[in-house]
Every structure is written in C-alpha cells, then in structure tokens.
Amino acid sequence: MRFRLALVAAICAVTAPLVIAQPAAKADPAQAQPIVTKVCAACHATDGNSASPANPVLAGQHADYTAKQLANFKSGERKNPVMLGMAAALSPQDMKNLGAYFEGQNPKTRAAKNLELVKLGRQIYRGGIMAKGVAACASCHGPSGAGVPAQFPRVAGQFAEYTLAQLQAFRLGERANDPNQMMRAISVRLSDQEIKAVSEYMAGLR
C-alpha cells in the first residue's frame, strides 16, 4: 500500500508541473484570415463592415466579446440557426483568433437618419429614464459607444436595425446570453419608441 501511494505521489510530482507550465495560446489574427474568407465574409464582409443591417458590424468589436458570442452560438445559449451552423466547426482558438482579427479592423462611420428619434435616444443613452429605473446606456457602453473590453460591447456605428432587433430579442427573452440578465432587465422597461430612439442614436456614435 505504501509503495502504491509513493508511486502515485511520484507520478503527480512529475506530471503536475507539465500541466501548469502550458500557457494559453495567444490569439493570432493571421490564422483567422482563411476562416474569414470562407465563412464570415459573405455576411459580414472581409473587413467586418457588413453591408446589410441584418448582419452586425464586427469591425472594431472587442475580441473577447466576439469570441464569447461565437461560443454562445455554438453551444446554443444564443439562438440563431445560421450562426449555429457557422460556429459549429470552430474551436475555442478559432474563436479567439476571429475576435482578434475583427477587433483589428477599422469600423466605418455611420450617421443616424431620424433626427427626432436621435433627440430622445440621446436622452436615454446619456441619462437613462429615472422614472422607469433605466440606467444610462453610457454608464456601461461609454459616452462614445466604445464599450469596455471583455465586459460591454462596442455599440457605436452599429446598424440601428440590428440594435433594435437585439433589444427586442432581449425584451422577449429570445436572446438570453447577457451577463446577470442585465439587458433583459433594461429592455423590458423600454417602449417600442424608446428602443427605436436609442438604436438610432447609437448608429451615429463614433
């Protein structure tokens, strides 16, 4: 019995440092290029500046956020049949590489279209709606919509139509991959008009 315990201890002493010593692989944007060309570009464009409001702008988005969304699509935590198929073959390293690749792309500037909506959207984004318990969007996404890496996504210059669709999905519970249910709690307190307004305002941020 003592011999067996000594043998196990010896094996652990030899193998444990080998496990600990292996650092996590760093993201490599160059490795993502073939995937972008073959898989992502058709909907999001090679530089991440999608031409269709149905597909989000990925250029300039925080790498960790993009990687998390891909992982959520693959696991089914975020529901989307198309993206489930796209993410199914991606490894965690692929996701990290793609996140780094798109973060390094320059997002194109976009202008808001409806000035009346922009006025209301600005009020909500900067000051929230105290009567409804809605915090200012800027408190998490920043005054310019740049977001906070690994915590809150970049929203500046995103298609108003896409942002609106996501806020509605959060409100209906169709999208539920927000940390601590934060976006679900906020979106249920917003009216259709308020969602349209804040989405329009974000589109013009830069």
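K.L.:
Account for helix α5 (residues 92-103), with residues named and values stated.
P.N.:
In a regular helix each residue adds 1.5 Å, so 12 residues correspond to 16 Å; α5 covers 17 Å between its end C-alpha atoms and thus fits that length. Of the residues making up α5, those classed as buried are M95, N97, L98, G99, A100, Y101 and F102.

K.L.:
Tell me what's going on with the state of the cysteines, and back it up with residues and numbers.
P.N.:
Evaluation of the coordinates by the stated rule reveals 0 disulfides. You can see C40 has no disulfide; the closest cysteine sulfur is in C43, sitting 9.0 Å from it. Between C137, a free cysteine, and C140, which holds the nearest cysteine sulfur, the sulfur-to-sulfur gap is 8.7 Å. Note on C137: relative accessible area 16%, which makes it buried.

K.L.:
So what about the side chain of N49? Which residues, and what values?
P.N.:
For N49, the location among the structural elements is in the loop between α2 (29-44) and α3 (63-75). For N49, a relative accessible area of 8% corresponds to the buried category. At 3.0 Å, the side chain of N49 forms a polar contact with the backbone oxygen of N106. Not counting chain neighbours up to four residues away, the residues in contact with N49 comprise H44, V57, A59, N106, P107 and K108.

Rules used throughout
Residues numbered from 1 in each chain as written. Predicted model: local features only at pLDDT ≥ 70, side-chain atom pairs only at ≥ 80, totals over all residues. Heavy atoms only, no water. Helix = DSSP H or I, 4+ residues; strand = E, 2+ residues; numbered from the N terminus. Expected span 1.5 Å × (residues − 1). Buried < 20%, exposed > 50% of the residue type's maximum accessible area, 1.4 Å probe, protein only. Disulfide = S-S within 2.5 Å. Polar contact = N/O pair within 3.5 Å; in protein donor to acceptor, adjacent residues only side chain to side chain. Contact = heavy atoms within 4.5 Å.

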